[in-house]
Amino acid sequence: MGRESSADLLAASLIDPLTIPAVYLKPDGVIIHHNTAWVDWISHDPTPIFGPNICSLIHSSQQHAFMKRLTPHGLTAGDGCVFRTTHKGRSIWFTAVGGVDKWNTGILGLVVPSRSCDMQPDGYQPQSCFWSEVIDNLPDGFWSYDRTLAQSFRSDAWFELRGLSKTNRDDTSRTRQLASIHPDDLPNVIQATRALLRNGICDVQFRERHANGHWINVRSQGRVTERNANGKPMRLIGTDSNVTKLHETQSSLDQLKTLEMRWQFAMDSELHGLWDVDFATNKRYYSEGWRFIRGLGGSHRDYMNTEEFLDNIHPLDRGAVVMRVNAVDRGDIDEFFDEFRVRHTDGRWIWVLSRGQVISRGKDGQPTRLIGTDTDITRVKQLGNEYDDVAKRLELAVKSSGIGVWEFDMEAQSVVWDEQMYEIYGITDPEKKRSPTVWEEHLHPDDKDEAITASLAFLQDRTDYDLSYRIIREDGETRYLRSTGHHFIDAHGTPKLIGIICDLTREHEQASALRAANAKTVEQNTALEAARADMEYQSNHDALTGLPNRRKLEAYLNDARQRRIANNMRSAVLHIDLDRFKQINDTLGHAAGDAVLKHVADILSSAATPNSIVARVGGDEFAVFLDHAPRDAVLGYWARDLIQAAKHPFIYEGHECRLGFSIGIAVDETAELDDSALFSNADLALYQAKAEGRGQMHFYSPGLKSAARARRQCADDMIIGLEQGQFQCVYQPQYACSTLEIVGAEALVRWDHPTRGRLAPDAFLDVAEDLDIVAKIDQVVFERALEDSKKWRASGKHVPQISVNVSAKRLLDPMLAMRISHLADEEQRFAFELLESVFLDDADANLSTNLACIRNLGISIEVDDFGTGHASMVGLLNLQPDRLKIDRQLVMPLVRSQRQRRLVASIIEIGHVLGIAVVAEGVETQEHVDVLASLGCDYLQGYGLARPMSAADLQELLPEL
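Residues numbered from 1 in each chain as written. Predicted model: local features only at pLDDT ≥ 70, side-chain atom pairs only at ≥ 80, totals over all residues. Heavy atoms only, no water.

**Focus on the nonpolar core**
Now for step 1: Within the largest apolar cluster, 70 residues are counted, with the highest numbers of intra-cluster contacts made by Met718 and Tyr731.
Now for step 2: At 7 residues, the largest contribution of residues to this core is made by helix α25 (residues 774-794).
Now for step 3: Ranked by size, the runner-up nonpolar core spans 35 residues in total, among them Val614, Ala629, Ala646 and Met697. (Core = buried A, V, L, I, M, F, W, Y, C linked by side-chain atoms within 4.5 Å. Buried < 20%, exposed > 50% of the residue type's maximum accessible area, 1.4 Å probe, protein only. Helix = DSSP H or I, 4+ residues; strand = E, 2+ residues; numbered from the N terminus.)

Quick look at the structure:
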């Protein structure tokens, strides 16, 4: 860059921003550049004045003195000179200050009007050099940097812009300045600096922290005025301007535009519209929102006059709007606020909230211009109507519920009741309604002190109110009330307590009745519990002999087992079977047999030791369990004594009855065997004793395991039998107790063994349970019964219900419902018989689910062998069976035992109380039929009525369809 061009750039950057006249001259006085203030000062046309000599602008009397001062070194090396010129038609004095530039190619000069017309040229003493005058008169901060001299310069305005005092102007390093720039703007500043060094010019805006801590917006403009031979910048100059107000103004303008946009958007929304009516010019403006509210599209024109506007208002609202229009015309009001309905273009009525303002009126007082807004409040009105409807419904609900509402003002100590409250209290007299003590006056005397004390405590503690008490109504009737309330602060900041009163008189009466009923229920439950306890005893003891039964024995063994294990006790079981008992029973009758069983019970009980238990475990089978078993020799001696005692003749009604014992003995030396294994060993020993002849006893030995091999053979045969279809169904009819008509049949399984013949379940069921195939056998029976039922119906016969036994394991099968659902027959009713031992008070989840599924398939539930298991009343209530079958062991003795008869009667009564039909098994004689009929039994089943028979034989007995 040449020196002339550098001088021109310097002149432009220095004098253009100045607000005082400034000019750049050649040493001979020719004008090279000037600022706009110079043009205005000399009153010339603003066209740049380049070329004329400056002396031509000086008063003729001052030209010689001016040219004398104008030298190649400036105006006497920068001193100020006072001269006169013609300024806008009048002669004024001015001060000219000038100095030569760096390259001695030109002179920079300033013109400052003199403050006194009396100032003479010789009296002016300048205080600074030319460059200081130039820089100090710049409105913006000036800065420069000379890389050759490594010197920087900043004007006073530069420091003032940043709020820096003279004391801290030394700390103006580049690092300190960069640290004061806003972090978000620092990258732009660095990039602009690099652009200045590279391109020779920059213009950047950034935020910089002022000395008082706030941020100011700075605009910095810079130029490179000199480069070395390699093009490297050597001299930089520039100005910094405070543009904070400009930014704030722009920000305010942007906010104003945003607000204007939002307002326009709000006014042109679906709910708001703007209108402007100028009556003077007959111009009307309606915004898009105003048109949208009314459904006015492009093909619909706007309202042309007031009459057309009124025609579109609902007839019921038009009168009020006309009154408002007339009030505006008369000048009564300048602002108006109306709600009315307007016809939409689709024919419906919409609600509009119209706000308007009179902007101007004519000389006659009539409005000449109105401006306002319309808002669609249709939805608001709908919500208001809905609120009114809800409030009305709530009022009706409160009134119909009999609930009274009260409100207590804690500051005024006053209470307000609604009409329902007075109705509850029976108060109709207006004077009594206004009484401040109406509540206290109606409290029941026995509740008054406690109610008042409790109310004061609620008010003092500011806790929720909850109080029950009695009142005496105006008519003398006593009512039971409950009052509840909650504290709140109303809109005026007043603490209040609001609550309701419920009339609980009817509930109190019902509760009293319920307590009486509960007392009666407790009494009945006590009786039932006594019956249950008696049943529990009967279920644990043999009804004939009074000895513990198998269930009791099992419970005793379970309790004793832990003692045996802990003390390593030797235990033993004697399994006793009666010899010749069947002959006595057949020849002398069941009564003789019963007497023999009682006699045996006496023998065994007399011989029992304190550490033993005697139980009847079957029809003619007994068992003795010893906790502390003696040596085998002693056991053998004791067993032989029992056998000898049994051989003594027993006289029954003049008849000499002779019987004998066969005894199997099993010993557990170290408490290693469980109870079942111990009894199993005793069974094997008993079988061996009977095989050796009557009246024998035998100890278990491992050699008896051959019986186990037989069981294994039975198991193998059973599996083959299932595969080959050897399992068949027989049926035992069930009869109505009152008419002895067939009401059903129980399907029983039989095994047609290829070598052993037809076998009853007693011969194989225990093996089947070991093989876990009982469920398969149950399924076979169910399918066979279904097939036979279809054959009977095809032949014109029908059985009302077929009962099928279901094992415990099958009931717990989670797939049971799926396995039988496809077999369900809508034309044939089935019932599943569950052993009493199956269901417990705490039933398994699978059991409960399966029972529900079984019922959903239309299959009834029956409890089999009731009275021999461990069912409880809770179990019956949980299971809710359709029928329960009393076990034959309880039924058979009832014709001879009043105690047994009472027990069976209790079972029947319990069943009927619970809505359960009762079936009696083991009906052997007509006497059984008569007794059970007198006890109210529903159904009968037993050999005395019919034995199990084939499907073909049953078909002959079945009634016609």
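**Some points on the sheet that holds strand β9 (residues 151-154)**
Now for step 1: Judged by pairing direction, the sheet is antiparallel, and its 5 strands sit side by side in the order β9-β8-β12-β11-β10 without closing on themselves. Edge strands, defined here as strands with exactly one partner in the open sheet, are β9 and β10 (201-209). Strand-to-strand, the axes of this sheet are offset by a mean angle of 20 degrees, without reference to chain direction.
Now for step 2: Sitting on the sheet, helix α7 (residues 186-199) touches β8 (141-146), β10, β11 (215-227) and β12 (233-242), and the angle it makes with β10 is about 155 degrees. (Pairing = 2+ DSSP bridges. Axes fitted to C-alpha atoms, helices over the stretch in contact; angles between N-to-C directions. Contact = heavy atoms within 4.5 Å.)

**A few points about the pattern of salt bridges**
Note that side chains of opposite charge can pair when their charged atoms are close.
Now for step 1: Evaluation of the coordinates by the stated rule reveals 41 salt bridges.
Now for step 2: Put simply, Lys381 and Glu339 hold a salt bridge, and the shortest N to O gap is 3.0 Å. Separated by 42 residues along the polypeptide, Lys381 in helix α12 (residues 378-401) and Glu339 in strand β15 (residues 335-343) bring together distant segments of the chain.
Now for step 3: With relative accessibility at 39%, the residue Glu339 sits in the partly exposed group.
Now for step 4: Three or more residues joined by partner-sharing salt bridges are found here, namely Arg473, Asp475, Glu477, Arg479 and Asp503. (Salt bridge = Lys/Arg side-chain N within 4 Å of Asp/Glu carboxyl O.)

**Remarks on the packing of aromatic side chains**
Now for step 1: One pass over the structure, following the stated rule, counts 17 aromatic pairs.
Now for step 2: Both rings, one in Phe309 and one in Phe340, keep their centres 6.2 Å apart while their planes meet at 85 degrees; by these two values the pair is edge-to-face. Highlighted residues: Phe309 in helix α10 (residues 306-311) and Phe340 in strand β15, separated in sequence by 31 residues.
Now for step 3: The exposure class of Phe309 is partly exposed, given its relative accessible area of 22%.
Now for step 4: Arranged with centres 5.6 Å apart and planes meeting at 80 degrees, the rings of Phe782 and Phe832 form a pair that is edge-to-face. One end of the pair, Phe782, is in helix α25; the other, Phe832, is in strand β34 (residues 829-835), and 50 residues separate them in sequence. Comparing Phe782 with Phe832, the two get one shared label, buried.
Now for step 5: An aromatic cluster is built from Trp406, Phe458 and Tyr465, whose rings are joined through pairwise contacts.
Now for step 6: Directly above the ring of Trp158 sits Arg154, whose terminal nitrogen or CZ lies 4.8 Å from the centroid.
Now for step 7: We note Lys433 situated over the ring of Tyr422; from NZ or CZ to the ring centre the distance is 5.1 Å. (Phe/Tyr/Trp six-rings, centres within 6.5 Å; stacked < 30°, edge-to-face > 60°. Lys NZ or Arg CZ within 6 Å of the ring centre and 35° of its normal.)

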